[in-house]
Amino acid sequence: MFELLQDIVDILKTSSIAEERGKGVRSKFWAAYKKVSGEFDDNMLEMCNGNMDIILIFAGLFSAVNTGFIIAMQPNPLNTTNALVVQLIQITINGPSAAQPAIISPTTNYSSSDFWIQALGYMSLTFSLIAAFGAVLGKQW
């Protein structure tokens, strides 16, 4: 073990990596360590920054497509609007005192599978936006 450390110190003495800050072996070692660790840190930060860019792009595209599917799963508001217009016309024709039948049903006709599909759609959109938020925080850190 001591021989390995001695070989490393000998290589660092003759290497151009070690800066000439001090005359001692320890100062040359720490200068070399600082330089090598700085290069490693710079490479790692560049790689992580690139990964955050990829996550942001993917999260944005996934959120856009997922939002399109969520909008397509929503009930048609035109049916409700048409029923309300018909009811307004009947009130206008028959007068406000006439008894009006309830055209609009108070409940929606969702099956449980439709509910769970919409819940999964909203949940995946939420997780995608959380991932994008985390990537933005990671880039700004």
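Residues numbered from 1 in each chain as written. Predicted model: local features only at pLDDT ≥ 70, side-chain atom pairs only at ≥ 80, totals over all residues. Heavy atoms only, no water.

Draft legend 1. Broad picture of the environment of leucine 125. Positionally, leucine 125 belongs in helix 4 (residues 112–140). Taking the relative accessible area as the measure of exposure, leucine 125 reaches 16% and is therefore buried. For the pair leucine 125 and isoleucine 70, spaced 55 residues apart in sequence, the C-alpha to C-alpha distance is 9.1 Å. The residues contacting leucine 125, other than those within four sequence positions of it, are Ser63, Asn66, Thr67 and Ile70. (Helix = DSSP H or I, 4+ residues; strand = E, 2+ residues; numbered from the N terminus. Buried < 20%, exposed > 50% of the residue type's maximum accessible area, 1.4 Å probe, protein only. Contact = heavy atoms within 4.5 Å.)

Draft legend 2. How the structure looks around the side chain of serine 128. Its location among the elements puts serine 128 in helix 4. A polar contact of 2.7 Å, which involves the side chain of serine 128, links it to the side chain of serine 63. Once you skip the residues sitting within four places of it in the chain, serine 128 turns out to touch Ala59, Phe62 and Ser63. (Polar contact = N/O pair within 3.5 Å; in protein donor to acceptor, adjacent residues only side chain to side chain.)

Draft legend 3. Local environment of helix 3 (residues 77–94). Over its 18 residues, helix 3 runs 26 Å from end to end, which matches the ideal 26 Å to within 8%, given 1.5 Å per residue. Positive phi appears at glycine 95, one or two residues downstream of helix 3, with a value of about 95°. (Expected span 1.5 Å × (residues − 1).)

Draft legend 4. Layout of the packing of aromatic side chains. Counted by the stated rule, this structure contains four aromatic pairs. Look at tryptophan 30 and tyrosine 33: their rings are 5.5 Å apart centre to centre, the planes differ by 85°, and that puts the pair in the edge-to-face class. Remark: tyrosine 33 and tryptophan 30 occur in helix 2 (residues 25–73); sequence separation between them is three residues, near one turn of the helix. For the ring pair phenylalanine 58 and phenylalanine 62, a centre distance of 6.0 Å and an interplane angle of 20° mean the geometry is stacked. Within this pair, phenylalanine 58 and its partner phenylalanine 62 are both found in helix 2, separated by four residues, close to a single helical turn. (Phe/Tyr/Trp six-rings, centres within 6.5 Å; stacked < 30°, edge-to-face > 60°.)

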